[in-house]
Amino acid sequence: MLKTEDAYFLGKIIKKQGLNGAFLVSLDTTHPEEYLELDSVYVELHGNLIPFFLDEVTLLGSKKAKFIFADVEDPHQINELESCNLFLPLSS
């Protein structure tokens, strides 16, 4: 299991966008275009980093993006992901 000390902070989920697994994300990076091809991210939930697959990443300016998570359709899970931190492993 990935730990925060073995990962770097990518950003934070700001809010959900509908009920299809789409979220507005604030990115903590100077080069957001480097993350357009992401397949997955780690979401910090209850102190653990949990991997989630992505269907789509769309830039919405220099510090914001829309992430569409794969297989996230349950309203409870969608609400749980709001305001969570996002991480990527330091090594791939």
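All chains use their own residue numbering, which begins from 1 and follows the written sequence. For this predicted model, a pLDDT threshold of at least 70 governs which residues receive local features, and a threshold of 80 or more governs which side-chain atom pairs are given and counted, while totals over whole chains, interfaces and linings are taken from all residues. Side-chain metrics rest on all non-hydrogen atoms present in the structure, leaving aside hydrogens and water.

A. Representation of the pairing of strand 3 (residues 40-45) in the model. Note on exposure labels: buried denotes an accessible area under 20% of the residue type's maximum, exposed denotes more than 50%, and partly exposed covers the range between, all computed with a 1.4 Å probe on protein chains only. Runs of H or I in DSSP of at least four residues are treated as helices and runs of E of at least two as strands, each being numbered from the N terminus. Judged by which residues are buried, strand 3 turns out to be one-sided: V41, V43 and L45 face inward and are buried, whereas S40, Y42 and E44, on the alternate face, are not. Note that strand 3 and strand 4 (residues 48-59) share 6 bridges and pair antiparallel. The residue bridging S40 from the neighbouring strand is F53, located in strand 4. Counted along the chain from strand 3 to the antiparallel partner strand 4, the turn is 2 residues long, and its residue H46 has a positive phi close to 55°. Any two strands with at least two DSSP bridges between them are considered paired. Here strand 3 runs beside strand 6 (residues 85-89); their pairing, made up of 2 bridges, is antiparallel. From the neighbouring strand, Y42 faces strand 6, where its bridge partner is F87.

B. Expanded view of the packing of aromatic side chains. Aromatic pairs are defined between Phe, Tyr and Trp rings, using the six-membered ring for Trp, whenever the two ring centres lie within 6.5 Å; interplanar angles under 30 degrees are classed as stacked, those over 60 as edge-to-face, and all others as tilted. Inspection of the entire model under this criterion finds 3 aromatic pairs. Aromatic pair F9 and F87: ring centres 5.8 Å apart, planes at 70°, arrangement edge-to-face. Of this pair, F9 sits in strand 1 (residues 7-16) while F87 sits in strand 6, and the two are 78 residues apart along the sequence. Accessibility expressed as a relative area gives 34% for F9, which makes it partly exposed. For F87, a relative accessible area of 8% gives the class buried. Ring centres of F23 and F69 lie 5.4 Å apart, and the angle between their planes is 85°; on these two criteria the pair is classed as edge-to-face. Here the residue F23 occupies a position in strand 2 (residues 22-27), and F69 occupies one in strand 5 (residues 64-69), the gap between them amounting to 46 residues. Accessibility assignment for this pair places F23 and F69 in one class, buried.

C. Representation of the nonpolar core in the model. Counting residues in hydrophobic clusters, the biggest one holds 22 residues, and the most contacted among them are L10, L38, V41, V43, F67, F69 and L86. If you list the elements that add at least two residues to this core, you get strand 1, strand 2, strand 3, strand 4, strand 5, helix 1 (75-81) and strand 6. The contact definition used throughout considers only heavy atoms, calling two residues in contact when any of these lie within 4.5 Å. Beyond its immediate chain neighbours, meaning those up to four positions away, F67 contacts L10, G21, A22, F23, V25, L27, L38, V41, L54, E56, V57 and L86. The definition of a nonpolar core used throughout is a set of buried Ala, Val, Leu, Ile, Met, Phe, Trp, Tyr and Cys residues joined through side-chain atoms within 4.5 Å.

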